[in-house]
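Coordinate inspection notes
Residues per chain, in single letters:
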Amino acid sequence: QVQLVESGGGLVQAGDSLRLACAASTRTFSSYAMGWFRRAPGKEREFVASISQSGGRTLYADSVKGRFTISRDNAKNTVYLQMNSLKPEDTAVYYCAAGGSYVSLTNVIYDYWGQGTQVTVSS
């Protein structure tokens, strides 16, 4: 029902910045909490950041706090992930996800997922 398309990935050096975007094809984008996840080769998928429907609340994984910023523009049906001070450990495929119902940002059930965009950080 909801199509998500990520963009903005690429190859950068440690210390550089990158901004990812995720465009959603839904008339009710503002009704979804949005999240970013990542999966490194040979590893499990891990949570990166999430944002509430209105953008008033955010949640970050400890590994990216202070470096990454999640934001959204409901008028453009788009969620962003600004990544600063990138480290080689951030190398992964980054996925955008949408969840329509939750109690808090700590327990969102994500129903829709994008195809992913590759982020590679060289040392």
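Report follows, based on the coordinates. Model, not experiment: these values are computed from the prediction.

1. Quick notes on the state of the cysteines
For the structure on display, the rule yields one disulfide. The partner cysteine of cysteine 22 in its disulfide is cysteine 96, sulfur to sulfur 2.2 Å. Measuring the twist about the S-S bond at about -80°, one finds the cysteine 22-cysteine 96 disulfide to be left-handed. With cysteine 22 in strand 3 (residues 18–25) and cysteine 96 in strand 9 (residues 92–99), this pair connects stretches of sequence that are 74 residues apart. Among the residues examined, cysteine 22 registers a relative accessible area of 0% and is labelled buried.

2. Quick notes on the pairing of strand 4 (residues 33–39)
Most of strand 4 sits out of view: six of its seven residues are buried. Summarising the sheet, strand 4 and strand 9 pair through seven bridges and their orientation is antiparallel. Each bridged residue has a counterpart across the sheet, and for tryptophan 36 the counterpart in strand 9 is cysteine 96. Two elements, strand 4 and strand 5 (residues 46–51), share five bridges in a ladder whose sense is antiparallel. Note on strand 5: the bridge partner recorded for glycine 35 is serine 50. In textbook terms, the turn of a hairpin is the stretch between consecutive antiparallel strands, and for strand 4 and strand 5 this stretch comprises six residues, one of which, glycine 42, has a positive phi near 75°.

3. Some points on the environment of valine 121
Within the secondary structure, valine 121 is located in strand 11 (residues 117–122). Residue valine 121 is classed as buried on the basis of its relative accessible area of 6%. For the pair valine 121 and lysine 87, spaced 34 residues apart in sequence, the C-alpha separation works out to 6.2 Å. When residues no more than four places from it in sequence are discounted, the contact partners of valine 121 are Val12, Gln13, Ala14, Leu86, Lys87, Pro88, Asp90 and Thr91.

Rules of the game
- Residues numbered from 1 in each chain as written.
- Predicted model: local features only at pLDDT ≥ 70, side-chain atom pairs only at ≥ 80, totals over all residues.
- Heavy atoms only, no water.
- Disulfide = S-S within 2.5 Å.
- Helix = DSSP H or I, 4+ residues; strand = E, 2+ residues; numbered from the N terminus.
- Buried < 20%, exposed > 50% of the residue type's maximum accessible area, 1.4 Å probe, protein only.
- Pairing = 2+ DSSP bridges.
- Contact = heavy atoms within 4.5 Å.

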